[in-house]
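Coordinates in review
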Amino acid sequence: MKLANRLAWGHRIAMPVYHIAAIALMFIYPLTPKTLVLFLITYLIQALGISVGYHRLFSHRAFHANRILTFLLALCGGLAGQGAIRRWVCHHRMHHRYTDKTGDPHSPLVSGFWYAHIGWRFDPESYVHEEEAKKIWAEWPAELCWLDRMIPTLFFLHPLVLGLVGGWEYVEWGCFVPTVLLWEITFTVNSISHRFGRRLFDTPDTSRNSTWLSLMMWGEGWHNNHHASPKNARYGIRWYQIDAGYYFIKIMQRLGLIDRVVDDSEADIRNALAMSLAVKPTTQTPPFRDPF
Ligand SMILES: [Zn+2]
Ligand SMILES: [Zn+2]
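What counts and how
- Residues numbered from 1 in each chain as written.
- Chains lettered and ligands numbered in written order.
- Predicted model: local features only at pLDDT ≥ 70, side-chain atom pairs only at ≥ 80, totals over all residues.
- Heavy atoms only, no water.
- Salt bridge = Lys/Arg side-chain N within 4 Å of Asp/Glu carboxyl O.
- Helix = DSSP H or I, 4+ residues; strand = E, 2+ residues; numbered from the N terminus.
- Buried < 20%, exposed > 50% of the residue type's maximum accessible area, 1.4 Å probe, protein only.
- Donors = N, O, S within 2.8 Å, 3.2 Å for Na, K, Ca; no water.
- Arc of directions from axis to C-beta.
- Contact = heavy atoms within 4.5 Å.

Moving on, we come to the pattern of salt bridges. Summed over the entire model, instances satisfying the criterion amount to 15 salt bridges. In this structure, the salt-bridge partner of Glu-130 is Arg-87, at a minimum N-O distance of 2.8 Å. Placement of Glu-130 in helix α7 (residues 130–135) and of Arg-87 in helix α4 (residues 85–97) is noted, with a sequence separation of 43 residues between them. What makes Glu-130 buried here is its relative accessible area of 10%. Note that Glu-266 and Arg-238 form a salt bridge whose closest N and O atoms lie 2.9 Å from each other. With Glu-266 in helix α12 (residues 266–275) and Arg-238 in the loop between α10 (223–228) and α11 (244–254), the pair connects residues that are 28 residues apart, well separated along the chain. Through salt bridges with shared partners, a single network forms among Arg-86, Arg-87, Glu-130 and Asp-148.

So, in structure tokens, the structure goes:
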């Protein structure tokens, strides 16, 4: 079987199994103070790895981190069950290159809401860019390429280790529930953040901002701000737009572990948008072909 088909089938099986297991096991192992702590720690680590690692660092190079922190952020993201970094980065760069046009792997405008939310993960066509994805390794140190190859193994090691330590209760609250919740939150950025919410910038796409999504995922909900300035490390542009991922980056910068942070203000972004010939300011959002 071709790699693209194997990956699509892996998602078709793993995602429903995880969703069903996460819900079913809640009735057998209800949340306790101990498992609440396990859930929160796991979720925060996984979401940090996706937002600050996979997204801001590896996809957009919004800052530079030292090799140890880079590896740790990759490991945190790798524990989130969202696949190899190279494929995530490849998909995400295509999303920015072709936003809401043919070629965007998950646009509600082009492919419909549910395909943009989760259907694209089950489609072999989403995994035909393996050679392009592997080119990303050329930018990385050897230990990161090794970790990237190990991420499918991590997907099985994560619940196995938890199971050996604390049984199915730990697997439920330290793996199934946080992984499924983060899948849904991440996919919601792809779907709902291109459908509902406010816009601070007149970007030529359907991106929107969402306070609750930002609170749930280290600032990722400021998606319109992000599309207005994709390389910016800062997603919460205004003072009231809470962006925990950006605060993490600034703390690490203070500690000397991160440098070369792209840190644009609202005025910088508006100037860049106005000067960009490619971006024509619009006051109207394109209509949706298939909202749901
Ligand atoms: Zn987007
Ligand atoms: Zn992005």
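Moving on, there is more to tell.
All right, on to the coordination of the zinc ion (ligand 2) then. The protein atoms that coordinate the zinc ion (ligand 2) are His-55 (NE2), His-60 (NE2), His-92 (NE2), His-96 (NE2) and His-226 (NE2), at distances spanning 1.9 to 2.2 Å. Every donor residue of the zinc ion (ligand 2) comes from the same chain, spaced as H-x4-H-x31-H-x3-H-x129-H. Placement of both His-92 and His-96 in helix α4 is noted, with a separation of four residues, approximately one turn of the helix. His-96 gets classed as buried once you look at its relative accessible area, which sits at 18%.

Within the sequence span of α12, burial applies to Glu-266, Ile-269 and Leu-273. Each buried residue of α12 sits inside an arc of 65 degrees when the element is viewed along its axis, so together they form one side. Among the exposed residues of α12, those oriented more than 90 degrees off its buried face are Ala-274 and Met-275. Looking at the packing, one finds that the buried side of α12 touches α10.

Structural measurements only, silent on function.
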